[in-house]
Amino acid sequence: MGEDMKTTRQTNMPHRIFRTLALMCVSVIALSGHAIAAPAASRELQKVPAFIEKNRQKKDVMLNEPQYDSTAKVYYLHYLNNIYSNEDFNRATDFLAGLHNQMKGSGAELILYVNYTREDAARYQKSRRFGSATNIPGRCRRLNVKCPIINVDKQSVRDSLFHNHQSPYGEPYTFAYPHLRAIDADGKVLAYFMLSGRSVRMIQPHTRFSRVVVRNVQNEAEWITDAIQSTQSFLIKMAESETTEE
């Protein structure tokens, strides 16, 4: 009887191994199907993150390797304009890593942009031996802040990010002014911001009335920090409500 049981076990062993392998294969296939489905959903990006991903490898557009939240509801666009000397560049960018870290997980993101033309590049090549000119693309790549940094020199880039931006009086706003604005994930303008004395005013589209959102700016060189921190919750809720209405 012992020999019979042993023989039976030996006979059934291949079947057990086959069943185990079959179950493992089914589990792997199921998990693989689930894993493949997730990226497919993530590829359905809204216009702003889709623009970033499309241009990620274009060195003349994206001046760094961006790390950002592609599911953010609000994107703050900040113009780095006065950065053509090393001192000015440091003053305009030293605080940005801390600001961006504070924004993580909030539902809001930061995008920095510059207008670095061929003429700018030529001037840098002529004056770099004196040490006063700034290699803007190089320094942008080395910044501690890792949010997207975009060059808006190309008209196609400006059209993508600044389409239909206009003042309350119907005049077009270029990328150069205001220096800070907020858009939703589809590029719709939510607000413009202006520094007025030591106060920050916010103007929403389709209204001629501005309201003070920061009354006592702590550091005028870093005023966008105050502007963003005081408005991001409000603008995220606005973006979410408009999405729900649609």
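The residue numbers shown here count from 1 along each chain, following its written sequence. The model is predicted, so local features are restricted to residues of pLDDT at least 70 and side-chain atom pairs to those at 80 or more, both for listing and for counting; the totals for chains, interfaces and linings are taken over all residues. Side-chain measures here rest on the full set of heavy atoms in the structure, leaving out hydrogens and waters.

1. A closer look at unusual backbone geometry
Phase 1: Backbone torsion omega between Tyr177 and Pro178 reads -5°, so that peptide bond is classified as cis.
Phase 2: Strands here are runs of E lasting at least two residues and helices are runs of H or I lasting at least four, both read from the DSSP assignment and numbered beginning at the N terminus. Along the chain, Pro178 falls in the loop between helix 7 (155-161) and strand 4 (180-184).
Phase 3: In this structure, Asn164 is a non-glycine residue whose phi angle is positive, near 60°.
Phase 4: Locating Asn164 in the fold gives a position in the loop between helix 7 and strand 4.
Phase 5: One non-glycine residue, His206, adopts positive backbone phi at about 65°.
Phase 6: If you trace the backbone, His206 turns up in the loop between strand 6 (199-203) and strand 7 (210-214).
Phase 7: A relative accessible area of 80% means that His206 is categorised as exposed. Here's how the labels work: a residue is buried when its accessible area is under 20% of the maximum for its type, exposed when over 50%, partly exposed in between, all with a 1.4 Å probe on protein chains only.

2. What to know about the environment of Asn82
Phase 1: Here Asn82 is to be found in the loop between strand 1 (74-79) and helix 3 (86-93).
Phase 2: Taking the C-alpha atoms as reference points, Asn82 and Val114, separated by 32 residues in sequence, lie 9.5 Å from one another.
Phase 3: Those residues in contact with Asn82 that sit more than four places away from it in its chain are Asp88 and Phe89. Here, residues are in contact when the closest pair of their heavy atoms is within 4.5 Å.

3. Things to note about the pairing of strand 1
Phase 1: Taken across its 6 residues, strand 1 has 6 buried, putting it largely inside the fold.
Phase 2: With 6 bridges joining them, strand 1 and strand 2 (residues 108-114) adopt parallel strand pairing. Bridge pairing in strand 2 links Tyr79 to Tyr113.
Phase 3: Direction of pairing for strand 1 relative to strand 4: antiparallel, over a ladder of 5 bridges. Residue pairing across strands places Tyr76 opposite Ala182, the latter belonging to strand 4. By definition, two strands form a pair when at least two bridges between them are found by DSSP.

4. A word on the nonpolar core
General note: in soluble globular proteins, nonpolar side chains tend to be found buried as a group.
Phase 1: Val74, Tyr76, Leu96, Leu110, Phe193 and Leu235 are the most contacted members of the largest nonpolar core, which has 43 residues in total.
Phase 2: With 8 residues, the single largest contributor to this core is helix 8 (residues 223-245).
Phase 3: Among the buried residues, those of types Ala, Val, Leu, Ile, Met, Phe, Trp, Tyr and Cys that are joined through side-chain atoms within 4.5 Å form a nonpolar core. In terms of nonpolar packing, the next biggest core, distinct from the first, is built from 25 residues, Met62, Tyr68, Phe175 and Tyr192 among them.

5. Observations concerning the layout of surface pockets
Phase 1: Think of a 1 Å grid over the protein atoms and nothing else: a 1.4 Å probe that fits but is trapped marks a cavity, an open set flanked by protein within 12 Å on at least five of seven lines marks a pocket, and residues with an atom within 4 Å of a point count as lining. Grid points are joined across faces, edges and corners, and a volume is the space filled by probe spheres set on the points. A volume near 470 Å³ is recorded for the largest pocket.
Phase 2: Every residue lining the largest pocket is counted, 24 residues in all, and those nearest its centre are His163, Asn164, Gly187, Lys188 and Val189.
Phase 3: Tallied by class, residues from the lining of the largest pocket come to 11 nonpolar, 9 polar and 4 charged.
Phase 4: Of the voids in this model, the second largest pocket is the one considered here, and its volume is about 270 Å³.
Phase 5: If you trace the second largest pocket, you find 15 residues lining it, with His78, Asn81, Asn82, Ala92 and Ala221 closest to the centre.
Phase 6: Put simply, the parts of the chain that give the lining of the second largest pocket at least two residues each are strand 1, helix 3 and helix 8.
Phase 7: The biggest single contributor to the lining of the second largest pocket is helix 3, with 3 residues.
Phase 8: Of the residues contributing to the lining of the second largest pocket, the split by class is 7 nonpolar, 4 polar and 4 charged. We call Asp, Glu, Lys and Arg charged. Ala, Val, Leu, Ile, Met, Phe, Trp, Tyr, Cys and Pro are nonpolar, and the rest, Gly among them, are polar.

6. Re the packing of aromatic side chains
Phase 1: The aromatic pairing rule takes the rings of Phe, Tyr and Trp, using the six-membered ring of Trp, and pairs them if the centres are within 6.5 Å, calling planes under 30 degrees apart stacked, those over 60 edge-to-face and the rest tilted. Tallied over the entire structure, the rule returns 7 aromatic pairs.
Phase 2: Taken together, a centroid distance of 5.1 Å and an interplanar angle of 15° make the contact between Tyr79 and Tyr113 stacked. Here the residue Tyr79 occupies a position in strand 1, and Tyr113 occupies one in strand 2, the gap between them amounting to 34 residues.
Phase 3: On the accessibility criterion, Tyr79 (11% relative accessible area) is buried.
Phase 4: Look at Phe162 and Phe175: their rings are 6.5 Å apart centre to centre, the planes differ by 55°, and that puts the pair in the tilted class. Here the residue Phe162 occupies a position in the loop between helix 7 and strand 4, and Phe175 occupies one in the loop between helix 7 and strand 4, the gap between them amounting to 13 residues.
Phase 5: Chaining the aromatic ring pairs together yields one cluster made of Tyr79, Tyr113, Phe162 and Phe175.

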